[in-house]
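Examination of the molecular architecture
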Amino acid sequence: MKKIMLVFGTRPEAIKMCPLVNELKTRKGIQTLVCVTGQHRQMLDQVLTTFNVVPDYDLGIMKHGQTLFDITMCILEKIKEILEAEHPDVVLVHGDTSSTFVTALACFYLQIPVGHVEAGLRTYNIHSPYPEEFNRQAVGIVSKYNFAPTALAAQHLIQEGKDPSTIYITGNTVIDAMQHTVKDDYRHEELDWVGDGKLIFITAHRRENLGEPMHQMFRAIRRVLNEHPECKAVYPIHMNPVVREAAVAELGDCDQIHIIEPIEVFDCHNFEARCHLCLTDSGGIQEECPSYGRPVLVMRDTTERPEGVDAGTLRLVGTSEEVIYKNFKELLDDDEAYKKMSGACNPYGDGHACKRIADILEFGIYEPWAAK
Ligand code: UD1
Ligand code: UDP
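Predicted, not measured: the structure shown is a model, and the values here were computed from it.

1. Topic: helix 4 (residues 98-110)
Its 13 residues place the ends of helix 4 18 Å apart at the C-alpha level, agreeing with the 18 Å of an ideal helix rising 1.5 Å per residue. Taken together, the buried positions of helix 4 are Ser98, Ser99, Thr100, Phe101, Val102, Thr103, Ala104, Ala106 and Cys107. Looking at the buried residues of helix 4, the elements they touch are strand 1 (2-8), helix 1 (11-24), helix 3 (68-86), strand 4 (90-94), strand 5 (114-117) and helix 5 (132-142). A distance of 3.2 Å separates the backbone nitrogen of serine 99 from a side-chain oxygen at the start of helix 4, and that oxygen is part of threonine 97. Phi turns positive one or two residues past the end of helix 4, at glutamine 111, with a value near 60 degrees.

2. Things to note about the pairing of strand 6 (residues 145-148)
For a regular strand, side chains alternate in direction, first toward one face of the sheet and then toward the other. Taking every second residue as pointing to the same face, both faces of strand 6 are buried, with Tyr145 and Phe147 on one and Asn146 and Ala148 on the other. Remark: the strand 5/helix 5/strand 6 crossover connection has right-handed handedness. Relative to strand 7 (residues 167-169), strand 6 is paired through 3 bridges, and the arrangement is parallel. Within strand 7, the residue paired with alanine 148 across the bridge is isoleucine 169. In the classification by handedness, the crossover that spans strand 6, the intervening helix 6 (residues 151-159) and the parallel strand 7 is right-handed.

3. What about the site of ligand 2?
The environment of ligand 2 is formed by 18 residues, the closest being Ile263, Ser282, Gly283, Gly284 and Glu288. Histidine 205 is positioned such that a nitrogen or oxygen atom in its side chain is 2.8 Å from an oxygen atom of ligand 2. Residue arginine 206 places a side-chain N or O atom 3.1 Å away from an oxygen atom belonging to ligand 2. For ligand 2, whose unbound accessible area comes to 540 Å², protein coverage reaches 95%. The greatest single-element share of the shell around ligand 2, amounting to 4 residues, is contributed by helix 11 (residues 265-274). Within the shell around ligand 2, the residues separate by chemical class into 8 nonpolar, 5 polar and 5 charged.

4. With respect to the nonpolar core
Residues Phe8, Leu20, Leu24, Leu92, Phe147 and Leu361 are the most contacted members of the largest nonpolar core, which totals 54 residues. Element by element, the count of residues in this core is highest for helix 1, at 7 residues. Ignoring anything within four residues of it in the chain, the contact list for leucine 20 reads Leu6, Leu92, Val117, Cys354 and Ile357. Listed in part, the 33 residues of the second largest apolar core include Ile200, Ala220, Ala247 and Ile257.

5. Here we look at the sheet that holds strand 7
Pairing is parallel across the open sheet formed by 7 strands, whose spatial order is 3-2-1-4-5-6-7. The sheet is open, and its two edges are formed by strand 3 (57-58) and strand 7, each paired on a single side. As defined by bridge partners, strand 4 adjoins strand 5 across 4 bridges and the pair is classed as parallel. What sits directly across from leucine 92, in strand 5, is glycine 115. Sheet contacts for helix 5: strand 4 and strand 5; angle to strand 5, the most-contacted strand, approximately 140 degrees.

6. Here's the deal with the packing of aromatic side chains
Evaluation of the coordinates by the stated rule reveals 10 aromatic pairs. Each ring, one from phenylalanine 101 and one from phenylalanine 134, has its centre 5.1 Å from the other, and the planes form 70 degrees; the classification is edge-to-face. One end of the pair, phenylalanine 101, is in helix 4; the other, phenylalanine 134, is in helix 5, and 33 residues separate them in sequence. The buried category is assigned to phenylalanine 101, whose relative accessible area is 16%. A residue is classified by how much of its surface remains accessible, and phenylalanine 134, at 39% relative accessible area, is partly exposed. Seen in terms of ring centroids, phenylalanine 218 and tyrosine 235 are 5.7 Å apart; in terms of plane orientation they differ by 45 degrees. Their pairing is tilted. Taken together, the residues phenylalanine 218 in helix 9 (residues 212-227) and tyrosine 235 in strand 9 (residues 231-236) connect sequence positions 17 residues apart. For tyrosine 235, a relative accessible area of 0% gives the class buried. Members of the aromatic cluster, connected to one another through ring pairs, are Tyr145, Phe147, Tyr168 and Tyr366.

7. Looking at the packing of helix 9 against helix 10 (residues 241-251)
At a closest axis distance of 9 Å, the pairing of helix 9 and helix 10 adopts a crossing angle of 30 degrees. The handedness of the crossing between helix 9 and helix 10 is right-handed. Contact residues: helix 9 offers Met214, His215, Phe218, Arg219 and Arg222, while helix 10 offers Val243, Ala246, Ala247, Ala249, Glu250 and Leu251. In terms of residue class, the contact of helix 9 with helix 10 is made up of 7 nonpolar, 1 polar and 3 charged.

8. What about helix 14 (residues 321-333)?
The α-helix winds at 3.6 residues per turn, so residues separated by three or four positions along the chain end up facing the same way. Taking 1.5 Å of rise per residue, the 13 residues of helix 14 would be expected to cover 18 Å, and the 18 Å separating its terminal C-alpha atoms lies within 8% of that figure. Taken residue by residue, helix 14 has Glu321, Ile324, Tyr325, Asn327, Phe328, Lys329, Leu331 and Leu332 as its buried positions.

Definitions and cut-offs
- Residues numbered from 1 in each chain as written.
- Chains lettered and ligands numbered in written order.
- Predicted model: local features only at pLDDT ≥ 70, side-chain atom pairs only at ≥ 80, totals over all residues.
- Heavy atoms only, no water.
- Helix = DSSP H or I, 4+ residues; strand = E, 2+ residues; numbered from the N terminus.
- Expected span 1.5 Å × (residues − 1).
- Buried < 20%, exposed > 50% of the residue type's maximum accessible area, 1.4 Å probe, protein only.
- Contact = heavy atoms within 4.5 Å.
- Polar contact = N/O pair within 3.5 Å; in protein donor to acceptor, adjacent residues only side chain to side chain.
- Right-handed = clockwise from strand over helix to strand, strands pointing away.
- Pairing = 2+ DSSP bridges.
- Near = heavy atom within 4 Å.
- Areas by Shrake-Rupley, 256 points an atom, 1.4 Å probe, with all protein chains shown as cover.
- Nonpolar A, V, L, I, M, F, W, Y, C, P; charged D, E, K, R; others polar.
- Core = buried A, V, L, I, M, F, W, Y, C linked by side-chain atoms within 4.5 Å.
- Axes fitted to C-alpha atoms, helices over the stretch in contact; angles between N-to-C directions.
- Phe/Tyr/Trp six-rings, centres within 6.5 Å; stacked < 30°, edge-to-face > 60°.
- Left-handed = near helix turned anticlockwise from the far one by under 90°.

Here it is in structure tokens:
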């Protein structure tokens, strides 16, 4: 029997790894172990509860206002003895967080094979997103299994010289997570508040956007809302205190915005599916909204998800107040521009990524996913 350990620590990793945990647990030939770093405490636990995943190990590393040094040193120190004791056949990590990078580094030091889920996303700008572009490239150096969500991601790895026999195109596991979340009869008090108005869905958290860029993002949103009383914005705020300070300073007294605590992923998908448009700097939301045909203004200078831009659902608008203001206004004032961005498409997967990854790990059987 193969022993496979999944290690993750933040909300988005958990959303994309829990469906895989649950798939692997159904496999007779696999013993599944889960180790969480606890990089996010509350936001991680919320997802674990949703998916009924109980970790075998919890490093519990989160500190308020943690630095990259804190995260790196705490994980490296605490994970060593767990990896040494369990010595898994494969450790699976996800994406590009510090939990991901440090776990892969620890595995490399102990010569434990790493499988990288959501491999091959790139901006090739090491400063954006920061530090994620470094993290995912670094994991790519050591990983033995590379589960690329799209053909483009696989192509990046091939261009970088990875052995093609280690690269598998699986689709993104986030699409698996979305299969059962959106319901026609879904109700929520915030949606009742929006009523017949236009729901504007907002999230923001990127490290490189903290400070002035984030203030500019929020000022632009506020200006547009002031000019459009038909819009009501719901903003489930990230728990980072720096984000909270900026949001309260710029948006706190605006009647058209409800800033609420992080919502469950089930709620988040239902909000996304019903919004008029979304403004975000999130990675995962760029993958989810295209399925619902909801236009997304991506408040970043780069994206590692160009598939959604090519499909027309995502528009990269940077972080300057004037540019966000202009693009947000355009989508409210110009029906044609709005329609152009609002066709549903699914460039990131078909909902069977977890099964593909499990088949590869259990039987060595690989049937690639191809976008239609
Ligand atoms: C992290 C990841 C980023 C990912 C994001 C998803 C790194 C370096 N960054 O960024 O790649 O896109 O998660 O959201 O790995 N906090 C809480 N409770 C929580 C979560 C966070 O209080 O459940 C607060 C803490 O004060 C913490 C701060 O938020 O110190 C920042 O968390 P951290 O994980 O360092 O950075 P994120 O911006 O969340
Ligand atoms: N999400 C959630 N509750 C929230 C905000 C986001 O469940 O209040 C989900 C969202 O659906 C997506 C993921 O969290 O799946 C995105 O996480 P985040 O933006 O924190 O990180 P990123 O994807 O940018 O790494």
